[in-house]
Amino acid sequence: KTTMSASQRKALNLVFMNLLRQLERKDPHEIFKFPVNDIIAPGYSSVIKYPMDFSTMKNKIVTNRYDNLDEMKADVEQMVENCCIYNKEDTIYYQMAKKLLASATKIFSKDRLASMLRSLS
Ligand SMILES: COc1ccc(OC)c(-c2cc(C(C)=O)n3cccnc23)c1
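Being a predicted model, the structure only gives us computed values, none of them experimental.

Asker: I tried to follow helix H4 (residues 69–86) on my own but got confused; where do I start?
Answerer: Because each turn of an α-helix spans 3.6 residues, side chains separated by three or four positions end up pointing in the same direction. Its 18 residues give H4 an end-to-end C-alpha distance of 26 Å, which sits within 8% of 26 Å, the value for a rise of 1.5 Å per residue. Those residues of H4 that fall on the buried side of the exposure criterion are Met72, Asp75, Val76, Met79, Val80, Asn82, Cys83 and Cys84. The N-capping residue of H4, defined by a side-chain oxygen 3.0 Å from the backbone nitrogen of aspartate 70, is asparagine 68.

Asker: Explain the nonpolar core here, please?
Answerer: Grouped together as the largest cluster of nonpolar side chains are 27 residues, with contacts concentrated most on Leu19, Leu23, Phe32, Phe54, Met57, Met72 and Phe108. Those elements that provide at least two residues to this core are helix H1 (6–25), helix H3 (54–62), H4, helix H5 (92–107) and helix H6 (110–120). Element by element, the count of residues in this core is highest for H1, at seven residues.

Asker: Before we go on, may I ask you to explain the environment of aspartate 111 in this structure?
Answerer: Along the polypeptide, aspartate 111 turns up in helix H6. With relative accessibility at 56%, the residue aspartate 111 sits in the exposed group. Distance from aspartate 111 to proline 28, taken between C-alpha atoms, is 25 Å for residues 83 residues apart in sequence.

The rules behind the values
- Residues numbered from 1 in each chain as written.
- Predicted model: local features only at pLDDT ≥ 70, side-chain atom pairs only at ≥ 80, totals over all residues.
- Heavy atoms only, no water.
- Helix = DSSP H or I, 4+ residues; strand = E, 2+ residues; numbered from the N terminus.
- Expected span 1.5 Å × (residues − 1).
- Buried < 20%, exposed > 50% of the residue type's maximum accessible area, 1.4 Å probe, protein only.
- Polar contact = N/O pair within 3.5 Å; in protein donor to acceptor, adjacent residues only side chain to side chain.
- Core = buried A, V, L, I, M, F, W, Y, C linked by side-chain atoms within 4.5 Å.

Here it is, written out as structure tokens:
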């Protein structure tokens, strides 16, 4: 696995942060902003094995834990999957997760990424 240069890493982190900002705008009630805890969601930590949230993703960006867009997108999909496992289909949380997934699919689409890269260059 070739390591990228510091300037490449800096440019990639800018892209990751830009994508994260777009995703967070799609979560106005901030239910994905921080880790879910067992107080607001009883039994959560025994049901959900791989918790994920936007603050954890931000920390992974600044600590260079993502090497490509697919790895970041996988965390968004994990976060949505967790929400749809813990919350029943008729809950607002489940519906918000489905909406976020639809938005993420657009945000990570090739033409949206291409236009973002053009604007960054
Ligand atoms: C109602 O206000 C908040 C505030 C923060 C939350 O998670 C960070 C949540 C929250 C977020 C979730 C999720 C994402 O499953 N959740 C599930 C059950 C009960 N509460 C939540 C709700």
